[in-house]
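The chain contents come next:
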Amino acid sequence: RKEVEQDPGPFNVPEGATVAFNCTYSNSASQSFFWYRQDCRKEPKLLMSVYSSGNEDGRFTAQLNRASQYISLLIRDSKLSDSATYLCAVSPYGGSQGNLIFGKGTKLSVKP
Amino acid sequence: DGGITQSPKYLFRKEGQNVTLSCEQNLNHDAMYWYRQDPGQGLRLIYYSQIVNDFQKGDIAEGYSVSREKKESFPLTVTSAQKNPTAFYLCASRLTQGQEAFFGQGTRLTVV
């Protein structure tokens, strides 16, 4: 099993739709979790950190499920500008604490 | 302005040549990272460093070398031993383990 896995998509959704992405991780003792957004040919930019209690930022909601070892990102009322690739990142626990591992990303395309 | 600066933005290398990619940050971050991204792929970790004069290999370190002589700087050398170096190289830093990471704008390396 890969350390961090995401459905590559693409997810093609109409404007206004709600879309959800999952990201599974293999190290049950992982400490920190993040969602990044990457536009074509650009660097990834932090979208939000994922806290144990879940967190929300406007139309975006992130949740952590430690029992099933996944994090999720929910986007409500999708906009054309949400079209991008969404990457999850996980910080392992233990000997490689400094490491930061990314999934391959999920591509989202929002259509008019 | 605080941030992470990568240079150059585009780099062309002849086969058999070593090239060095620059990464500088003025965020006072302890940890720095180098990732490689191939078209349509996720980020793969090359090297990371949690402290000056110390660094660890990531998943694809072969054919690359790094140094961390100063907190602000983490240059990456792509050696002639790297057989397929054409890719998008991203440098990132974070304050400490467990915190979110921030990226530079990346360097696109092409072997000609």
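Residues numbered from 1 in each chain as written. Chains lettered and ligands numbered in written order. Predicted model: local features only at pLDDT ≥ 70, side-chain atom pairs only at ≥ 80, totals over all residues. Heavy atoms only, no water.

(A) Quick look at the side chain of Ser72(A). Residue and element names in this part refer to chain A. Mapped onto the secondary structure, Ser72 falls in strand β8 (residues 70–75). In this structure Ser72 comes out as buried when scored by relative accessible area, which is 13%. In contact with Ser72, other than residues within four places in its own chain, are Phe21, Asn22, Trp35, Thr61, Ala62 and Gln63. (Helix = DSSP H or I, 4+ residues; strand = E, 2+ residues; numbered from the N terminus. Buried < 20%, exposed > 50% of the residue type's maximum accessible area, 1.4 Å probe, protein only. Contact = heavy atoms within 4.5 Å.)

(B) Region of interest: the pairing of strand β3 (residues 19–25) of chain A. Residue and element names in this part refer to chain A. Here β3 shows a clear split, with Val19, Phe21, Cys23 and Tyr25 buried on one side and none of Ala20, Asn22 and Thr24 buried on the other. As judged from the three bridges shared by strand β1 (residues 4–6) and β3, these two strands associate in the antiparallel manner. Within β3, the residue paired with Glu5 across the bridge is Thr24. Both β3 and β8 contribute to a ladder of six bridges, which runs antiparallel. Directly across from Thr24, in β8, lies its bridge partner Tyr70. (Pairing = 2+ DSSP bridges.)

(C) Quick peek at the sheet that holds strand β7 (residues 64–66) of chain B. All names here are of chain B. Spatially, four strands are ordered β1-β3-β8-β7 in an open sheet, and the strand pairing comes out antiparallel. The sheet is open, and its two borders are formed by β1 (4–7) and β7, each paired with just one other strand. On average, adjacent strands in this sheet sit at an angle of 20° to one another, irrespective of strand direction. Bridge analysis of β7 against strand β8 (residues 76–78) gives three bridges, and the strand direction is antiparallel. (Axes fitted to C-alpha atoms, helices over the stretch in contact; angles between N-to-C directions.)

(D) Spotlight on the sheet that holds β3(A). Residues and elements named next belong to chain A. The five strands are arranged β1-β3-β8-β7-β6 in an open sheet whose pairing can be described as antiparallel. Every other strand in the sheet has two partners, leaving β1 and β6 (55–57) as the edge strands with one partner each. The mean angle between the axes of side-by-side strands here comes to 15°, regardless of whether they run parallel or antiparallel.

(E) Structural detail: the pairing of β8(A). Residues and elements named next belong to chain A. The pairing of strand β7 (residues 60–65) with β8 spans six bridges and is classified as antiparallel. Each residue of the ladder has a partner; that of Asn65, found in β8, is Tyr70. Taking the residues that link successive antiparallel strands as the turn, the β7-β8 hairpin has four residues, and the phi of Gln69 there is positive, at about 55°.

(F) Structural context of the layout of surface pockets. Put simply, the largest pocket is a space of about 600 Å³. Around the largest pocket, the lining is made up of 22 residues, and of these Gln37(B), Asp38(B), Pro39(B), Gly40(B) and Gln41(B) lie nearest the centre. For the lining of the largest pocket, the secondary structure elements donating two or more residues are β9 (84–91) of chain A together with β9 (87–94) and β11 (107–111) of chain B. A total of three residues in the lining of the largest pocket trace back to one element, the largest contributor, which is β11(B). Grouping the amino acids of the lining of the largest pocket by side-chain chemistry returns seven nonpolar, eight polar and seven charged. Approximately 340 Å³ is the volume attributed to the second largest pocket. Around the second largest pocket sit 17 residues that line it, and Lys2(A), Val4(A), Phe102(A), Lys104(A) and Leu43(B) are the ones nearest its centre. Among the secondary structure elements, those contributing two or more residues to the lining of the second largest pocket are β1 and β10 (101–102) of chain A together with β5 (43–51) of chain B. (1 Å grid on protein atoms, 1.4 Å probe; cavity = no way out; pocket = protein on both sides within 12 Å on 5 of 7 lines; lining within 4 Å. Points joined across faces, edges and corners; volume = space filled by probe spheres on them. Nonpolar A, V, L, I, M, F, W, Y, C, P; charged D, E, K, R; others polar.)

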